[in-house]
Amino acid sequence: ADFDAKKKRKVAEIYQALNSDPIDVAALRRMAISEGGLLTDEIRCKVWPKLLSVNTDDLPPLPARKELREDNKDYQQVLLDVRRSLRRFPPGMPDDQREGLQEELIDIILHVLKRNPQLHYYQGYHDIVVTFLLVVGDRLATALVEKLSTHHLRDFMDPTMDNTKHILNYLMPIIDQVNPEVHDFMQSAEVGTIFALSWLITWFGHVLSDFRHVVRLYDFFLACHPLMPIYFAAVIVLHRQQEVLECECDMASVHHLLSQIPQDLPYESLISKAGDLFVQFPPSELAKEAAQQQAERTAASTFKDFELASVQQRPDTVLRQRFRERLRGEERLRGEERTKSILTKPRTNRFVKLAVMGLTVALGAAALAVVKSALEWAPKFELQIFP
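Residues numbered from 1 in each chain as written. Predicted model: local features only at pLDDT ≥ 70, side-chain atom pairs only at ≥ 80, totals over all residues. Heavy atoms only, no water.

Caption draft 1: Structural view of the pattern of salt bridges. Enumeration over the complete set of coordinates arrives at 17 salt bridges. The partner of Arg65 in a salt bridge is Asp107, and the shortest N-O contact between them spans 2.7 Å. With Arg65 in helix 4 (residues 65-69) and Asp107 in helix 6 (residues 95-115), this pair connects stretches of sequence that are 42 residues apart. Assessed through its relative accessible area of 37%, Arg65 is described here as partly exposed. A salt bridge links Arg115 to Glu146, with the nearest nitrogen and oxygen atoms 3.1 Å apart. On the criterion of sequence distance, the pair formed by Arg115 in helix 6 and Glu146 in helix 8 (residues 138-150) is long-range, its members being 31 residues apart. (Salt bridge = Lys/Arg side-chain N within 4 Å of Asp/Glu carboxyl O. Helix = DSSP H or I, 4+ residues; strand = E, 2+ residues; numbered from the N terminus. Buried < 20%, exposed > 50% of the residue type's maximum accessible area, 1.4 Å probe, protein only.)

This is the structure in structure tokens:
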């Protein structure tokens, strides 16, 4: 009963934010992040467009199916991916209804690509689009997906994977800040970050079997900074630290373990943890380590191309690695001090930060950080996220 009362109260607050003039987008962001997210698809239809600042009054009509598909370079690949997407539709949905939706799914994707020739289709994109289609229907989905593709997903839609790799490079520095032991273990195993690629580029839509969990995450990601999915990926790895550390320390074993995502994750607590980590270690602070990740990848790890392999043969790379290993050794000797500093440093740092932001506890750190970063990012959104 208590839960129902809470839910009722939240629904009322969401409608209040929607009906205020001007619409209280900051409040809507908080609702999308806080426990339970936006609660119902009916509410999502109203709030998602506000989070992406999409005007729903004059949605462009969808072009004719035939002209979209004629000589479209992506049509065959999109068709294959959509045909394979059976499990993304609710179990028990009648075949003809599902087939109708799959046709709409193809139309939405081709429409967005046609209107934005700078965007390149990637496998997994349809996993994001189908989520929007199932929640808000084809016309609104088209508008939301187009906005998302030119903003949050923009880096995945480049002709090369460079920017996507760059985002993946944030994963290890986040893990290192929270649990250096897990970080070092993963580095020793040379597992790389490719296990998280499908999580990132589909916003977990491809790997989670329960649709409710997927839309709950979409509430969170839509209200947040575009890098939030990589923080969420880090939180999943950290949540499984016990399993990771008990695993054989080699690439195949650790990769296998991590790429099988457990379906019973405690989503609400992971979401609030990801938000807290974002406040504690914002991307700007991790950017340097992320760039270093790129420089220090060992040849055996994720992107095994010859170019990297040859770069790794250079003596300075080897020296730098040895130097790091020696430093790590010395750091282990100072284990106790290190543990002490790890415990005191981030906490004080974090509290100072939160105090500076003038946060009230009631709101939860995550919600406020996101509102703050959303405000900072809003005007600059058109700029490249990465230099």
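Caption draft 2: The side chain of Glu146, seen in detail. Residue Glu146 is classed as buried on the basis of its relative accessible area of 14%. A polar atom in the side chain of Glu146 sits 3.1 Å from the side chain of Arg115. With residues up to four places along the chain from it excluded, the contact list for Glu146 reads Val112, Arg115 and Asn116. (Polar contact = N/O pair within 3.5 Å; in protein donor to acceptor, adjacent residues only side chain to side chain. Contact = heavy atoms within 4.5 Å.)

Caption draft 3: Summary view of the environment of Pro226. As for its position among the elements, Pro226 is in the loop between helix 13 (211-222) and helix 14 (228-239). For the pair Pro226 and His152, spaced 74 residues apart in sequence, the C-alpha separation works out to 5.0 Å.

Caption draft 4: How the structure looks around the UniProt feature "transmembrane region" (unreviewed entry) in the protein. This chain's UniProt record puts "transmembrane region" (unreviewed entry) on residues 191-208, 220-238 and 351-371. Secondary structure over residues 191-208 splits into 28% helix and 0% strand, and the C-alpha atoms at its two ends are 22 Å apart. Summarising residues 220-238: 74% helix, 0% strand, and an end-to-end C-alpha distance of 19 Å. (UniProt positions renumbered as here; feature names shortened; annotations may be inferred.)

Caption draft 5: Examining the nonpolar core more closely. Membership of the largest hydrophobic core comes to 109 residues, with the highest contact counts inside it found for Trp48, Phe204 and Phe232. Residues from two domains meet in this core; each of domain 1 (1-153) and domain 2 (161-281) gives at least three. Every residue in contact with Phe232, bar those within four places of it in the chain, is listed here: Phe204, Leu217, Phe220, Phe221, Tyr267, Leu270, Ile271 and Ala274. (Core = buried A, V, L, I, M, F, W, Y, C linked by side-chain atoms within 4.5 Å. Domains from an automatic or database assignment.)

Caption draft 6: Quick peek at the packing of aromatic side chains. Inspection of every chain in the model, using the stated rule, returns 14 aromatic pairs. Here the aromatic rings of Phe132 and Tyr218 are separated by 5.8 Å at their centres, their planes lie at 50°, and the arrangement is tilted. Of the two residues, Phe132 is situated in helix 7 (residues 125-136) and Tyr218 in helix 13; the sequence distance between them amounts to 86 residues. The exposure class assigned to Phe132 is buried, which follows from its relative accessible area of 0%. (Phe/Tyr/Trp six-rings, centres within 6.5 Å; stacked < 30°, edge-to-face > 60°.)

Caption draft 7: Structural view of helix 17 (residues 267-280). Compared with an ideal rise of 1.5 Å per residue, which puts 14 residues at 20 Å, helix 17 spans 20 Å between its outermost C-alpha atoms and is within 8% of the ideal. Considered for burial, the residues of helix 17 that qualify are Tyr267, Leu270, Ile271, Ala274, Gly275, Leu277, Phe278, Val279 and Gln280. (Expected span 1.5 Å × (residues − 1).)

Caption draft 8: Up close: the confidence of the model for the protein. The share of residues in the protein with pLDDT of 70 or more is 76%, and the mean pLDDT across the chain is 81. Scored below 50 in pLDDT, residues 298-319 shows 28 contacts in the model against residues more than four places distant or in partner chains. In the model, residues 338-387 has pLDDT below 50 throughout and makes 59 contacts with residues more than four positions away in sequence or in other chains. (pLDDT = per-residue confidence, 0-100.)

Caption draft 9: Focus on unusual backbone geometry. In the segment running from Asp21 into Pro22, the intervening peptide bond is cis, with an omega of 0°. Among the secondary structure elements, Pro22 is positioned in the loop between helix 1 (2-19) and helix 2 (25-33). Even without being a glycine, Ser53 presents a positive backbone phi close to 40°. Along the polypeptide, Ser53 turns up in the loop between helix 3 (41-51) and helix 4. Note on Ser53: relative accessible area 55%, which makes it exposed. Notably, Asp71 is not glycine yet its phi reads approximately 30°, a positive angle. The residue Asp71 is located in the loop between helix 4 and helix 5 (75-83) in this model. We classify Asp71 as exposed; its relative accessible area is 80%.

Caption draft 10: The arrangement of the packing of helix 13 against helix 14 in detail. Between helix 13 and helix 14, whose axes approach to 9 Å, the crossing angle comes to 130°. By the angle between their axes, helix 13 is oblique relative to helix 14. On helix 14, the residues that touch Leu217, Phe220 and Phe221 of helix 13 are Met228, Pro229 and Phe232. Partitioning the contact of helix 13 with helix 14 into residue classes produces 6 nonpolar, no polar and no charged. (Axes fitted to C-alpha atoms, helices over the stretch in contact; angles between N-to-C directions. Parallel < 35°, antiparallel > 145°, perpendicular 65-115°, else oblique. Nonpolar A, V, L, I, M, F, W, Y, C, P; charged D, E, K, R; others polar.)

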